[in-house]
Amino acid sequence: MLTYLFLHLNKWKKRPFLYVLLFTFPLLATVILYPLLKNTADETAVPVAIVDQDDSGYSETILERIGNSERIRFTVMDESEAEEAVRKGSMEAAFVLEDGLESALNEGDVDDVITWIRADESLFDVYAKEAVGAEVMRLAMSARAGLRVEQEGGSFEEAFDYSEQYWEPEPLFQMSFSERSPENQAVEAPKLESWQVLIMQVFFLYGWVLAIFFLRAVQDDEREGRLQRIELVQQTKVNYFISHFLLFGIVGAGSFLLGTSGLFYITGTERELVLAWLGRGVVVMAVTLFVTWCLFMGAGRKRWVVPVLVLVALASFMLTVSDTGFTGLWPHCLLEKGG
Amino acid sequence: MIEFDQVSKKYRRKEVLEPFSLTIREGSAVGIVGPNGAGKSTFLKLVASLDRPTSGKVLFDGKPYEKVVRQVRSEIGYVPQDIALYEDLTVKEQIAFWRRLEKNKVDEDFLEKMVGMLRLDEVYDQRIDRLSGGWKRKVNLCIGLMRNPKICLLDEPTAGVDLAAKEDILAWLKQLHKEGRTLVYISHDWYELKALSDEFLLFAEKKPIFQGSQGEWLEKREELLGRYEDDRELRRILEFS
Ligand SMILES: Nc1ncnc2c1ncn2[C@@H]1O[C@H](COP(=O)(O)OP(=O)(O)OP(=O)(O)O)[C@@H](O)[C@H]1O
Ligand SMILES: [Mg+2]
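(A) Inspection of the coordination of the magnesium ion (ligand 2) at higher detail. Distances from the magnesium ion (ligand 2) to its protein donors, S41(B) (OG) and Q81(B) (OE1), fall within 1.9 to 2.1 Å. Here S41(B), found in helix α1 (residues 40-47), pairs with Q81(B), found in the loop between β6 (76-79) and α3 (91-101); they are 40 residues apart in sequence, far enough to count as distant.

(B) Spatial organisation of unusual backbone geometry. Even without a glycine there, the phi angle at D112(A) is positive, about 60°. As for its placement among the helices and strands, D112(A) is situated in the loop between α5 (101-106) and β4 (114-118). Exposure remark for D112(A): the relative accessible area of 46% places this residue in the partly exposed category. Although it is not a glycine, S49(B) sits at a positive phi angle of roughly 70°. For S49(B), the location among the structural elements is in the loop between α1 and β4 (55-60). Look at S49(B) and you get buried, because its relative accessible area is 9%.

(C) Region of interest: the confidence of the model for chain A. Considering every residue of chain A, the mean pLDDT works out to 83; 88% of them sit at 70 or more. For chain A, per-element mean pLDDT is lowest for helix α7 (residues 156-165) of chain A, which scores 69, and highest for helix α9 (residues 226-234) of chain A, which scores 95.

(D) Here's a closer look at the site of ligand 1. Residues and elements named next belong to chain B. N36, G37, K40, S41 and T42 are the nearest of the 14 residues found near ligand 1. Contact between ligand 1 and A38: an oxygen atom at 3.2 Å from a main-chain N or O atom of the residue. Listing elements by their share of the shell around ligand 1, those giving two or more residues are β2 (14-24) and α1. In terms of residue count, α1 provides more of the shell around ligand 1 than any other element does, three residues in total. The residue inventory of the shell around ligand 1, partitioned by class, reads four nonpolar, seven polar and three charged.

(E) Structural detail: the interface of chain A and chain B. Each side of the interface is counted separately: chain A has 21 residues, and chain B has 33 residues. On the chain A side of the contact with chain B, R229(A), L232(A) and Q235(A) bury the most area, a combined 32% of that side's loss. In this assembly, chain A and chain B are joined by one salt bridge. Between E231(A) and R73(B) there is a salt bridge whose closest N-O contact spans 2.9 Å. Along the contact surface separating chain A from chain B lie nine residue pairs in polar contact (both at pLDDT 80 or more). Taken together, the elements giving at least two residues each to the side of chain A that touches chain B come down to α1 (2-13) and α9 of chain A. Among the elements that line the side of chain A that touches chain B, the one with the most residues is α9(A), at eight residues. Split into classes, the residues belonging to the side of chain A that touches chain B amount to six nonpolar, seven polar and eight charged.

(F) Quick peek at the pairing of β4(A). Residues and elements named next belong to chain A. Counting buried positions over the five residues of β4 gives five, a clear majority of the element. The alternating pattern of β4 places I114, W116 and R118 and T115 and I117 on opposite faces, both of which are buried. Across five bridges, strand β3 (residues 93-97) lies against β4 in antiparallel orientation. Bridging across to β4, F95 finds its partner in W116. Sheet analysis places β4 next to strand β5 (residues 178-180), joined by three bridges and oriented parallel. The residue bridging I117 from the neighbouring strand is R180, located in β5.

(G) View of the nonpolar core. In terms of nonpolar packing, the biggest core is built from 98 residues, with L173(B) and L202(B) touching the most fellow members. In terms of residue count, the dominant contributor to this core is helix α8 (residues 194-223) of chain A (13 residues). Excluding anything up to four places from it in sequence, L173(B) contacts L145(B), L154(B), L183(B), Y185(B) and L196(B). Listed in part, the 31 residues of the second largest apolar core include I32(B), A48(B), Y65(B) and I151(B).

(H) Structural detail: the pairing of β6(B). Residue and element names in this part refer to chain B. The side-chain alternation of β6 yields two buried faces, one formed by I76 and Y78 and the other by G77 and V79. Relative to strand β7 (residues 151-155), β6 is paired through four bridges, and the arrangement is parallel. Across the sheet, Y78 pairs through a bridge with L153, a residue of β7.

Parameters and conventions
Residues numbered from 1 in each chain as written. Chains lettered and ligands numbered in written order. Predicted model: local features only at pLDDT ≥ 70, side-chain atom pairs only at ≥ 80, totals over all residues. Heavy atoms only, no water. Donors = N, O, S within 2.8 Å, 3.2 Å for Na, K, Ca; no water. Helix = DSSP H or I, 4+ residues; strand = E, 2+ residues; numbered from the N terminus. Buried < 20%, exposed > 50% of the residue type's maximum accessible area, 1.4 Å probe, protein only. pLDDT = per-residue confidence, 0-100. Near = heavy atom within 4 Å. Polar contact = N/O pair within 3.5 Å; in protein donor to acceptor, adjacent residues only side chain to side chain. Nonpolar A, V, L, I, M, F, W, Y, C, P; charged D, E, K, R; others polar. Contact = heavy atoms within 4.5 Å. Buried area = accessible area lost by both parts, 1.4 Å probe. Salt bridge = Lys/Arg side-chain N within 4 Å of Asp/Glu carboxyl O. Pairing = 2+ DSSP bridges. Core = buried A, V, L, I, M, F, W, Y, C linked by side-chain atoms within 4.5 Å.

Laid out in structure tokens, this is it:
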């Protein structure tokens, strides 16, 4: 085993960059691309739905002012539409400007004038919440100040206190939102995000295909007469094949596990989930590689076997991801069912 | 002693060797000659236990090959016609790699002598794929024989090697033969064959058509020439001997 490992390491050493890149590609892709994607996600405007049930001058002002924010992209909807959109994930969150908002603000009452609808997956809606909250506070303060002046009876201290009260004990945003999730949203145990599962599927495909390409080394040894030489020198080919099976497994599973672990690490996935998924990944990968190896050997290690196996791997991935119904025993399906 | 008993070989449906029987005596030096595609290399692979006959039996000291395959493989050194080396290793790494795989105990003196004779130290640190054809063949020969085998099977070991090196190799092989090893040697070069062989084996039309000493060869030559008048390649081989 070690002799063959050194042989391949020696071969890989001649083009270290290429082979290290090939092996760690999923890991590198995660480490490099994730922060980039995350930043773009941060920078793009957060889509939120606004439900205007008050339909007053104040609510219009709020809409207008939020519309000027570059980081919020809002759409006016009715309440049921908004809930549906949040559930489906097309909107990060929805804010309902409740009926009676204007009169409540005039009274200086900022609590529960807005309902905040969000899903568990909502990530970037907190910013929108702050922005909406700020506008509400501003209106409330202006309204109270305006009333004071109108009544003309107020002293400086009184106007000052009115303003101050909104900054105690913490500045701004102390208004309470009534928060709720869209209806029908079942409470579920923690699970991987669907995009994480997808990436894992891609890494699985990558590791599998990489291992399949490694089989070409075995074909080359046989075609170019080195395997016969080994058979003579070692008196049997058993050792050669066992070693190469192990190397084949290390190439495929190693690359997959590196990438997946990197993904979990960088996204701060919970330990339990990580262990469960990695465990499952290892088992499915091991079985897949074993079956692949048996097919390779069974088909006499012919030239056409490698492209056919690659096609099988691609089919497994595509059919699982596109979910067209041709599921069943594809490795990617087995991997997915882990959730 | 290696015996072939009604052995034939087919690849898929293509018959490459028709049933034949012959014996290779221990300690003999058999020079194999014959036109391209006659089945010489196929025969040598059968001797090396690297291929199985389609029918018939190959016996090693009277025992069928399947039963004693490990023993056979421990006694045979095989130099294939095609260069069977790891192209991206240097000569030094190549030797180290094959040594590590070797089940037999490697005789350091023998290896050192062979490396010296082939002057491989001149190209020790060069990768195989950067070597010229002749050098590759010398490395191929060295790897095939480094286990100091009792039976040396050589498939055109000097093809493409320059004359000086060829002379060195021939002298070396002669020495091996003198020390009691069995040589089975394929070549298209009569000079080599005559220098080395105490027995010729002529392959033609998918089977051996002559086996015998150089004296017997001379006696049989005219008869064979008459019998295979229409076979141009074979006639040239016979005429040039
Ligand atoms: N693995 C194989 N599969 C199919 N046919 C083969 C195989 N190996 C050899 N042959 C065929 O067997 C025949 C004999 O080949 P072989 O290599 O034994 O000839 P040879 O006498 O060594 O010729 P040369 O002098 O060119 O080396 C050829 O027709 C060749 O095409
Ligand atoms: Mg040949």
